[in-house]
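Each chain, written out:
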Amino acid sequence: QVQVVESGGGLVKAGESLSLSCVASGSTATINLMGWYRQAPGKQRELVATISSKGRANYADSVKARFTISGDYAKKIVYLQMNSLEVEDTAVYYCNAAHVPIIIEGSRYDYWGQGTQVTVSS
């Protein structure tokens, strides 16, 4: 019902920048939170950054000073500008589009992209 496609990954050197893009399509009218998660080899998937339909952004402490998330909810597009990349940022980055309920009875729905590889070498 909702498809999520991300792009922009690649191989960069430490200290360089990279920008990721994500587009959600299909039945996206109720999507009110979009963002990025990442999973490094042998580790659990973790939050990188999210941005709500009202423009509120949330970042993991490890990237807060270096990454910037932005979005266009009319088009259901979200971006992640990554600056000063570190080797530790190497991971598969997944775009997430979600419907987060604001009532107790509501259900949360998450939709995920296939992931895009970001590799940072020293």
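Residues numbered from 1 in each chain as written. Predicted model: local features only at pLDDT ≥ 70, side-chain atom pairs only at ≥ 80, totals over all residues. Heavy atoms only, no water.

Draft legend 1. View of the sheet that holds strand β7 (residues 67-72). Reading across from one edge, β1-β3-β8-β7 is the order of the 4 strands in this open sheet, with antiparallel pairing throughout. Pairing within the sheet leaves two strands with one partner each, and these edge strands are β1 (2-7) and β7. Taken pair by pair, the neighbouring strands of this sheet meet at an average axis angle of 15 degrees, ignoring direction. Both β1 and strand β3 (residues 18-26) contribute to a ladder of 6 bridges, which runs antiparallel. The residue bridging Gln3 from the neighbouring strand is Ser25, located in β3. (Pairing = 2+ DSSP bridges. Helix = DSSP H or I, 4+ residues; strand = E, 2+ residues; numbered from the N terminus. Axes fitted to C-alpha atoms, helices over the stretch in contact; angles between N-to-C directions.)

Draft legend 2. Representation of the pattern of salt bridges within the structure. Following the criterion strictly, the structure yields 5 salt bridges and no others. In this structure, the salt-bridge partner of Arg66 is Asp89, at a minimum N-O distance of 2.7 Å. One end of the pair, Arg66, is in the loop between β6 (57-59) and β7; the other, Asp89, is in the loop between β8 (77-82) and β9 (91-99), with 23 residues separating them in the sequence. A relative accessible area of 1% means that Asp89 is categorised as buried. Notably, a salt bridge pairs Asp110 with Arg108, separated by 3.0 Å at the nearest N-O pair. Assessed through its relative accessible area of 40%, Arg108 is described here as partly exposed. Ionic contacts of the salt-bridge type, sharing partners, join the residues Arg38, Glu46, Arg66, Glu86 and Asp89 into one network. (Salt bridge = Lys/Arg side-chain N within 4 Å of Asp/Glu carboxyl O. Buried < 20%, exposed > 50% of the residue type's maximum accessible area, 1.4 Å probe, protein only.)

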